[in-house]
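Each chain, written out:
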Amino acid sequence: MSMADNYPKTNSAGSNDRLSKSTSVTGSKAVKAKVRKKRLRRSLVRGIKKFFIALIAIACCLVFMHTLIVPSIVDTHLSSGEFSDEQMIAFANERLLNRSSKSLSRIPVFAHRGFVNDTVDNSYASFDLALLSGCPQIELDVHASSDGVLYVSHDNNLSSISGSNWNITDHTSAELDGILMKNGEKLHRLSEVIERYRDQMIYLVELKDDNPDPAPFLDVVRGHPKLAENIQVQSFYPEVLENIHTELPNMFVQYLINDRNTYNEALKMEWLDSIALDQKLVTQQVVDQVHQASKEIWVWTVDSVDKVREYLRMGVNGVITDLDSAVIIFKEMSFEEDK
């Protein structure tokens, strides 16, 4: 017996089987791991694709909102921070234009074309004299040039104040700007008068033309929105007054009247703030009627000291006068009443 016979014999076939099984299990795990990696990689790719698709969708929505929805919000004034400077200025001006000129604190005296004395009416000299007389309230007349610019003059024809036989309505603003009045001043645009005196005056502007288009007047007011509350308007033509009231409902409008029938019609005009009567129509009964209709009553043109006193005692809201002493008369009467 050899020494090798003393050791147990090894089953080589079984050993090979176990090795084969072990190799098979290891290979199977590797395959499964590869499969899992592929699946994970595919899931990750799909997730990334979905993420970018979602980003693209969000971007498209934002573009849609910016181009379609936001402008409509801006148009309806529901968004902040989206208005242009021009829009904000327009909004501010609109608010200024709608400040009321109906509730101004006034004395019951308007200087008729300023106070004239030895100078030309409707001039800086006459308006300065009104200020010096303690009357910061002027009645002034305007006509529109052929290109729609308002010039301050009682008459359409300029011969009485300038020596030029021109009608304002027949000439352009470029032509009229060269006209000199007899006192050496140029013929003034309404806008120039307002720019000179600004809020130092209350302006009662009489529109002399029978043209119902309020555009020339509205252009001046809209060009000076901060001063709109200092501007009031009167005319013999109710249509232009009503058109102005439609555009600027808070502006004081006054109907000039010199006959009884027109007066009766005016009492029924609910939109009208005031009636300015030729003094031949004024009685205590008329004053009371106008006040009962919730309107102011003014009287024109009162150039007698006694008549100024009489009308103020009747309770009229004001007189339009050439008397530079009218303010003193009013103050004296107020002092007497306070005693």
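Rules used in this analysis
- Residues numbered from 1 in each chain as written.
- Predicted model: local features only at pLDDT ≥ 70, side-chain atom pairs only at ≥ 80, totals over all residues.
- Heavy atoms only, no water.
- Helix = DSSP H or I, 4+ residues; strand = E, 2+ residues; numbered from the N terminus.
- Buried < 20%, exposed > 50% of the residue type's maximum accessible area, 1.4 Å probe, protein only.
- Contact = heavy atoms within 4.5 Å.
- Areas by Shrake-Rupley, 256 points an atom, 1.4 Å probe, with all protein chains shown as cover.
- Phe/Tyr/Trp six-rings, centres within 6.5 Å; stacked < 30°, edge-to-face > 60°.
- Lys NZ or Arg CZ within 6 Å of the ring centre and 35° of its normal.
- Core = buried A, V, L, I, M, F, W, Y, C linked by side-chain atoms within 4.5 Å.
- Salt bridge = Lys/Arg side-chain N within 4 Å of Asp/Glu carboxyl O.
- Patch = residues over 30% accessible without salt bridge, like charges linked within 9 Å, V, L, I, M, F, W, Y side chains within 5 Å.
- Polar contact = N/O pair within 3.5 Å; in protein donor to acceptor, adjacent residues only side chain to side chain.
- pLDDT = per-residue confidence, 0-100.
- Axes fitted to C-alpha atoms, helices over the stretch in contact; angles between N-to-C directions.
- Left-handed = near helix turned anticlockwise from the far one by under 90°.
- Nonpolar A, V, L, I, M, F, W, Y, C, P; charged D, E, K, R; others polar.

1. Thoughts on the overall build of the protein chain
Part 1: When its secondary structure is counted, the protein chain shows twelve helices and nine strands.
Part 2: A buried classification covers 38% of the 339 residues belonging to the protein chain.
Part 3: Partitioning the contacts of the protein chain with sequence separation of at least 6, the portion at a separation of at least 24 is 55%.
Part 4: Carbon and sulfur atoms provide 54% of the accessible area of the protein chain, an area that totals close to 19400 Å².

2. Points about the packing of aromatic side chains
Part 1: Scanning the entire structure with this criterion turns up four aromatic pairs.
Part 2: When the ring of Tyr-124 is compared with that of Tyr-197, the centres are 6.0 Å apart and the planes differ by 80°; the resulting orientation is edge-to-face. Of this pair, Tyr-124 sits in helix H3 (residues 124-132) while Tyr-197 sits in helix H6 (residues 190-197), and the two are 73 residues apart along the sequence. This pair shows no difference in class: Tyr-124 is buried, exactly as Tyr-197 is.
Part 3: Ring centres 6.1 Å apart and planes at 80° place the aromatic pair Phe-127 and Tyr-197 in the edge-to-face group. Note that Phe-127 is positioned in helix H3 and Tyr-197 in helix H6, a separation of 70 residues in sequence.
Part 4: Cluster of aromatic residues (ring-pair linked, three or more members): Tyr-124, Phe-127 and Tyr-197.
Part 5: In this structure, Arg-106 packs its charged tip against the face of Phe-252, placed 5.0 Å from the ring centre.
Part 6: Between the NZ or CZ atom of Arg-196 and the centre of the ring of Tyr-124, over which it lies, the distance is 4.3 Å.

3. Re the nonpolar core
Part 1: Counting residues in each nonpolar core, the largest one holds 64 residues, and the members touching the most others are Leu-140, Leu-190, Tyr-203, Val-205, Leu-207, Phe-217 and Leu-277.
Part 2: Not counting residues up to four positions away in its chain, the partners in contact with Leu-140 are Asn-122, Phe-127, Val-152, Leu-190, Val-193, Tyr-203, Leu-204, Val-205 and Glu-206.
Part 3: Grouped together as the second largest cluster of nonpolar side chains are ten residues, Val-149, Tyr-151, Leu-158 and Leu-176 included.

4. Quick word on the pattern of salt bridges
Part 1: Applying the stated criterion across every chain, the model contains twelve salt bridges.
Part 2: A salt bridge links Arg-309 to Glu-332, with the nearest nitrogen and oxygen atoms 3.0 Å apart. Within this pair, whereas Arg-309 is found in helix H11 (residues 305-314), its partner Glu-332 is found in helix H12 (residues 326-338), the two being separated by 23 residues in sequence.
Part 3: Given a relative accessible area of 18%, Arg-309 falls into the buried group.
Part 4: Counted as one network, the salt bridges with shared partners bring together Asp-177, Lys-186, Arg-189 and Glu-192.

5. Re a nonpolar patch on the surface
Part 1: Taken together, the side chains of Leu-44, Ile-48, Phe-51, Phe-52, Leu-55, Ile-58 and Leu-62 define a hydrophobic patch exposed on the protein surface, amounting to about 710 Å² of accessible area.
Part 2: Along the chain, the position of Leu-62 falls in helix H1 (residues 12-75).

6. Here we look at the environment of Val-308
Part 1: Tracing the backbone shows Val-308 in helix H11.
Part 2: In sequence terms Val-308 and Gly-318 are ten residues apart; their C-alpha atoms lie 9.1 Å from each other.
Part 3: With sequence-adjacent residues up to four places away left out, Val-308 is seen in contact with Val-302, Val-319, Leu-323 and Ile-329.

7. Looking at the environment of Gly-163
Part 1: As for its placement among the helices and strands, Gly-163 is situated in the loop between helix H4 (159-162) and helix H5 (173-176).
Part 2: Taking the C-alpha atoms as reference points, Gly-163 and Leu-180, separated by 17 residues in sequence, lie 8.9 Å from one another.
Part 3: Once residues lying within four places of it in the same chain are set aside, the contact partners of Gly-163 are Leu-158 and Lys-182.

8. Observations concerning the side chain of Ser-173
Part 1: Relative to the helices and strands, Ser-173 resides in helix H5.
Part 2: Polar contacts involving the side chain of Ser-173 include one to the side chain of Asp-147, which spans 2.7 Å.
Part 3: Setting aside anything within four residues of it in sequence, one finds Ser-173 in contact with Ser-145, Asp-147, Val-149, Tyr-151 and Arg-189.

9. A word on the confidence of the model for the protein chain
Part 1: Summarising the model, the protein chain shows a mean pLDDT of 87, and 84% of its residues fall at 70 or more.
Part 2: The low-confidence segment residues 1-10 (pLDDT under 50) makes one contact with residues lying over four places distant or belonging to another chain.

10. Some remarks on the packing of H3 against H6
Part 1: Direction vectors running N to C along H3 and H6 enclose 35°, while the axes themselves pass 12 Å from each other. The two elements H3 and H6 meet at a crossing, and its hand is right-handed. Contacts between H3 and H6 involve Tyr-124, Phe-127, Asp-128 and Leu-131 from the former and Glu-192, Val-193, Arg-196 and Tyr-197 from the latter.
Part 2: Looking at the contact of H3 with H6 residue by residue, the classes come out as five nonpolar, no polar and three charged.

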